[in-house]
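Architecture and fold: a report
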Amino acid sequence: MGETAGQEHGIVTRSAEYIGSFPVDDSCLDDQIQQLHTQLKSFKYCKSKRTVSLRFSVKGVKVYDEDETTLLMAHAMCRVSLSTSRPSDAQFAFVSHNPGNSDAQLYCHLFRARHARAAQFLNLLLCRCFQLYFLEKHPEEAQDECSGKKPTRTPSLLNQGFPLSVSALVSFRRAPTQGLLPGAKVFSQPSTEQVSSPEEGPTSSPTLVRKMAIRTKGLRSGAYRSFTFTPIKQRHLQDKLSAPQEKEQASAKACKSPSLAETEEALAQAVWCWAGVSSDCSSSLLADDVLGAFLLCPHPKKPNRGSLIVRFPSGLVTHSIKNSKGKFRLEKCHNDFESLAALIEYYTEFSEELECSLSCARVNHCYDWEEIVNKSSRSLQDNKKGTVKNQSWV
């Protein structure tokens, strides 16, 4: 199976094999995750139905056929409850409410990736979409370290693409003059502006230029230029205007708005750190996530260390991460790792000194369960009354 990749306009496309779907029992989150992974193991050797193309975005998940010509299913982000994966079996799955169903039954859609890292990448993509969707619904919970404002457009002397000859016709601003107008007072204050040289072209009022052009019938496209078109002045003013904009753009690049990362390493870092979400909010959301969900963040008291906050059965527990000579180790643990990714991967497979192993599954905290239940109850009432209504599901 070939793997395709694409990213445009906030949409990331990946290919995988679609295994199928099965209903998920309505139970508490921890029991639901345990039952879900038990069922995923049973489908380890199940043959795939077809190769599909998955498109991830903040709006939702769409599944197309291999040629990306036929839409097989579409799930709005508010109807996807959680995402998980089993890299050991190259499995990726998400739980959602199927569009068009009148009941509130949840279904798990199972996919098989090309290899373990591809399955992990698919899960990270959907988990990151959950976080971006949360930021879209709750912008007040975004980090305030950066302004998040998009860089403004660089001011141009062409006035949104119109030629300066047109700008002079509609402008009522007074042009600079070399001499004094009749009746003007003379001030002793020295002028700091240099007089325009003959090479720059004569400067005069747009009104006089317009009258002269009309009298000589020379008013054509490009027949004359306004007083701001002198090459030296234009270049000097453009440099002045673009200087502060370049600084703003440089700061904006250093502080980009959250988005889907391009590489697997950057994507994993964004998901593990809840990039873009305030630390207080991410910690509170972690308490409502799956068992074994974790958060990477700086240590509150030791700047040279990091912290791993994990949701255990006993609650949220913080483990300090030591970094000595390029080796990473959890506090009160004995295993050293070359990178944080290796540390996370190891404790996802083995619990060791931890209360439970880390989980790669994540919950969509903006899953609209109440809306689905309300719509299903309304549809049941309509069926009892004998009325059938066409409902459009996103």
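See the structure shown above.
All of the points below concern the structure found in this document. (Residues numbered from 1 in each chain as written. Predicted model: local features only at pLDDT ≥ 70, side-chain atom pairs only at ≥ 80, totals over all residues. Heavy atoms only, no water.)

Turning to the overall build of the protein, a few remarks are in order. Looking only at helices and strands, the protein features nine helices and 13 strands. When contacts within the protein are restricted to residue pairs at least 6 apart in sequence, those whose partners lie at least 24 apart make up 59%. Looking at the protein as shown, the accessible area adds up to about 24,000 Å², and 52% of this sits on carbon and sulfur atoms. (Helix = DSSP H or I, 4+ residues; strand = E, 2+ residues; numbered from the N terminus. Contact = heavy atoms within 4.5 Å. Areas by Shrake-Rupley, 256 points an atom, 1.4 Å probe, with all protein chains shown as cover.)

Its place among the elements puts leucine 125 in helix 2 (residues 116-137). As for leucine 125 and leucine 267, which are separated by 142 residues in sequence, their C-alpha atoms are 7.3 Å apart. With sequence-adjacent residues up to four places away left out, leucine 125 is seen in contact with Val12, Arg14, Phe56, Leu260 and Leu267.

Where empty space is left becomes clear once a probe the size of a water molecule has been rolled over the atoms. The final tally for this structure, using the stated rule, is one cavity of 30 Å³ or more. What the largest cavity holds in volume is close to 30 Å³. Lining the largest cavity are Cys127, Phe130, Gln131, Trp274, Asp289, Arg362, Val363 and His365. The set of elements that each furnish at least two residues to the lining of the largest cavity consists of helix 2 and strand 13 (362-363). With three residues, helix 2 is the largest single contributor of residues to the lining of the largest cavity. Residue composition of the lining of the largest cavity, by class: four nonpolar, two polar and two charged. (1 Å grid on protein atoms, 1.4 Å probe; cavity = no way out; pocket = protein on both sides within 12 Å on 5 of 7 lines; lining within 4 Å. Points joined across faces, edges and corners; volume = space filled by probe spheres on them. Nonpolar A, V, L, I, M, F, W, Y, C, P; charged D, E, K, R; others polar.)

Let us look at the environment of aspartate 289. With respect to the helices, strands and loops of the structure, aspartate 289 is situated in the loop between helix 7 (279-286) and strand 9 (294-298). With a relative accessible area of 2%, aspartate 289 lands in the buried category. Residues aspartate 289 and valine 310, 21 residues apart in the sequence, show an inter-C-alpha distance of 10.0 Å. Look past the residues within four positions of aspartate 289 in its chain and what remains in contact with it is Leu29, Arg311, Ala361, Arg362, Val363 and His365. (Buried < 20%, exposed > 50% of the residue type's maximum accessible area, 1.4 Å probe, protein only.)

On to the environment of aspartate 336. Looking at where aspartate 336 falls in the secondary structure, it is placed in the loop between strand 12 (327-330) and helix 8 (340-349). Expressed as a C-alpha distance, the spacing of aspartate 336 and asparagine 323, which sit 13 residues apart in the sequence, is 9.3 Å. Once residues lying within four places of it in the same chain are set aside, the contact partners of aspartate 336 are Lys327, Phe328 and Arg329. In terms of polar contacts, aspartate 336 uses its side chain to reach the side chain of arginine 329, at 2.6 Å. (Polar contact = N/O pair within 3.5 Å; in protein donor to acceptor, adjacent residues only side chain to side chain.)

If you check which residues of helix 7 are buried, you get Cys281, Ser282, Leu285 and Leu286. Looking straight down helix 7, one finds that the buried residues subtend no more than 135 degrees of arc, so they occupy a single side. On the buried face of helix 7, the contacting elements are helix 2, strand 9, strand 10 (306-312) and strand 11 (315-324). (Arc of directions from axis to C-beta.)

Locating arginine 128 in the fold gives a position in helix 2. It is aspartate 289 that comes nearest to the buried, bridge-free arginine 128 among opposite-charge side chains, at 12 Å. At 2.6 Å, the side chain of arginine 128 forms a polar contact with the side chain of glutamine 131. (Lys, Arg positive; Asp, Glu negative; His and termini not counted. Salt bridge = Lys/Arg side-chain N within 4 Å of Asp/Glu carboxyl O.)

Let's shift gears to the packing of aromatic side chains. Going through the model one piece at a time under the given rule, you end up with twelve aromatic pairs. Both rings, one in phenylalanine 134 and one in tryptophan 274, keep their centres 6.3 Å apart while their planes meet at 90 degrees; by these two values the pair is edge-to-face. Here tryptophan 274 lies in the loop between helix 6 (264-273) and helix 7 and phenylalanine 134 lies in helix 2, a separation of 140 residues in the sequence. The pair phenylalanine 134 / tryptophan 274 is uniform in exposure class, with both members buried. Here the guanidinium or amino end of arginine 55 rests over the ring plane of tyrosine 64, the centre of that ring lying 4.2 Å away. We note arginine 362 situated over the ring of phenylalanine 294; from NZ or CZ to the ring centre the distance is 4.7 Å. (Phe/Tyr/Trp six-rings, centres within 6.5 Å; stacked < 30°, edge-to-face > 60°. Lys NZ or Arg CZ within 6 Å of the ring centre and 35° of its normal.)

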